Amino acid sequence: MLITAQIRRLLTWAITSMIALGFGLGIAQFDFFQTVERKSYDWRVKSLRDAGPKATSALVLIDEKTLSFFKETDGLRWPFPRDIYCPILQYLKAGGARAVAFDIQFSEPDEFDGAFAECIAEANNVVLGIQCQGEPQPAPLALPGTVTLAGQLKGPRCHPLSPMPSLRKAARAVGAIDMEPDKDGVLRHATLLRAHGDRAVVASLGVAAWRVAKGIERAEVVGDTLKMGGKTMPLTADGRLVVRWRRGEQPYPSYSFKKIYANAMLWADNRATPLK
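Residues numbered from 1 in each chain as written. Predicted model: local features only at pLDDT ≥ 70, side-chain atom pairs only at ≥ 80, totals over all residues. Heavy atoms only, no water.

A word on the pairing of strand 3 (residues 126-130). Burial of strand 3 is extensive: 5 of the 5 residues sit out of reach of the surface. Two strands pair when backbone bridges link them, and strand 2 (residues 100-102) and strand 3 are joined in this way by 3 bridges, in the parallel orientation. Across the sheet, Val100 pairs through a bridge with Val126, a residue of strand 3. For the crossover that starts at strand 2, traverses helix 4 (residues 113-123) and ends in the parallel strand 3, the hand is right-handed. (Buried < 20%, exposed > 50% of the residue type's maximum accessible area, 1.4 Å probe, protein only. Helix = DSSP H or I, 4+ residues; strand = E, 2+ residues; numbered from the N terminus. Pairing = 2+ DSSP bridges. Right-handed = clockwise from strand over helix to strand, strands pointing away.)

When charged atoms on two side chains of opposite charge get close, those side chains can pair. One pass over the full model with this rule turns up 7 salt bridges. The partner of Arg82 in a salt bridge is Asp113, and the shortest N-O contact between them spans 2.7 Å. With a gap of 31 residues between them, Arg82 in the loop between helix 2 (64-74) and helix 3 (86-94) and Asp113 in helix 4 connect regions that are remote in the sequence. The burial state of Arg82 is the same as that of Asp113; both residues are buried. Residue Glu180 is joined to Arg240 by a salt bridge in which the shortest nitrogen-to-oxygen separation is 3.7 Å. With Glu180 in the loop between strand 5 (173-176) and strand 6 (189-190) and Arg240 in the loop between strand 11 (231-234) and strand 12 (241-242), this pair connects stretches of sequence that are 60 residues apart. Of the residues examined, Arg240 reaches a relative accessible area of 15% and is grouped as buried. By sharing partners, the salt bridges in this structure join Glu180, Arg194, Asp238 and Arg240 into a single network. (Salt bridge = Lys/Arg side-chain N within 4 Å of Asp/Glu carboxyl O.)

For the rest of this paragraph, the subject is the pairing of strand 10 (residues 225-228). Because side chains alternate across strand 10, one face comprises the buried residues Leu226 and Met228, and the other comprises Thr225 and Lys227, none of which is buried. Both strand 9 (residues 218-222) and strand 10 contribute to a ladder of 4 bridges, which runs antiparallel. The partner of Ala219 across the bridge, within strand 10, is Met228. Where strand 10 and strand 11 come together, 4 bridges link them in antiparallel fashion. Residue pairing for strand 11: Met228 is matched across the bridge by Lys231. Remark: 2 residues form the turn of the hairpin made by strand 10 and strand 11, two consecutive strands paired antiparallel; Gly229 in that turn has positive phi of roughly 60°.

It is worth spelling out the sheet that holds strand 10 at this point. Strands sit in the order 4-9-10-11 across an open sheet of 4 strands; the sheet is mixed. Whereas interior strands pair on both sides, the edge strands pair on one side only; in this sheet they are strand 4 (148-150) and strand 11. Strand-to-strand, the axes of this sheet are offset by a mean angle of 20°, without reference to chain direction. (Axes fitted to C-alpha atoms, helices over the stretch in contact; angles between N-to-C directions.)

Our focus in this paragraph is the packing of aromatic side chains. Applying the stated criterion across every chain yields a total of 15 aromatic pairs. Centroid distance Phe106 to Phe116: 5.3 Å. Interplanar angle 70°. Geometry classified as edge-to-face. Highlighted residues: Phe106 in the loop between strand 2 and helix 4 and Phe116 in helix 4, separated in sequence by 10 residues. What makes Phe106 buried here is its relative accessible area of 2%. On the numbers, 6.4 Å between centres and 10° between planes, the contact of Phe257 with Tyr261 is stacked. Taken as a pair, Phe257 and Tyr261 lie in helix 7 (residues 257-268) at a separation of 4 residues, close to a single helical turn. Among the aromatic side chains, those forming a connected cluster through ring pairs are Phe69, Phe70, Trp78, Phe80, Tyr85, Phe102, Phe106, Phe116, Phe257 and Tyr261. (Phe/Tyr/Trp six-rings, centres within 6.5 Å; stacked < 30°, edge-to-face > 60°.)

Here we come to the state of the cysteines. Here, the word disulfide means a covalent bond between the sulfur atoms of two cysteines. Per the counting criterion, the structure on display carries 2 disulfides. Shown here is the disulfide that connects Cys86 with Cys119, its sulfur atoms set 2.1 Å apart. Here the disulfide of Cys86 and Cys119 is right-handed, its torsion about the S-S bond being about 105°. Here Cys86, found in helix 3, pairs with Cys119, found in helix 4; they are 33 residues apart in sequence, far enough to count as distant. Of the two residues examined, Cys86 and Cys119, each falls in the buried class. Put simply, Cys132 and Cys158 are joined by a disulfide, and their sulfur atoms are 2.1 Å apart. (Disulfide = S-S within 2.5 Å.)

Right, dumping it as structure tokens:
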């Protein structure tokens, strides 16, 4: 009986060890194949032709030249007073911009919030960035420009860190600026829509700007597919889009904020034409 008990214990230990080893190898293989898939994605993006037609979006960058210029000429440091954006909004609107998205947080008060809110409302094409990693609230905030969705939405929810109320109310829409890079720090996936409250759905900043520009109100999720604005987008099992990056160091036209601001001031004095 003693031998039988010892054998039983040995068999139990051996089986448990094999299961643990197999489980460990499974995790290692899973991580290995994930790494291979990520590197394969990187290679495919670099090898494929540029995605789609010529870009219809442009970037206005608050770069080092801008920061140095305003510091030296006006003594302004970052963050800039918010009324500085008003002439640019007017200039871009006159140039035909159908949507202007701010990838900037306006969650703290500023003495020029009133003037900025008036400019946002007058432009009627502004999308403000929000972060969705805030604390859950008892009553969800009323956010402008949310999506009317049909179907079951997967993925993370939005608990927004909102812009100041006066700015939020003046904007056409808000868009999530949260990013979810892979373990190696590379951004390969994007969450396009996030549930907010019981019914509202918040779009990512880029999608929100696209919706404002195109007048898109509705979206539909069918299985692992998102349909919106006449486009069909395949989603991963967790509800994200695999991003097809554009190639090149400067895939979108970009302009220094300093230059656009100078042109906007000249245009206000009838000495420059709007940016086309």
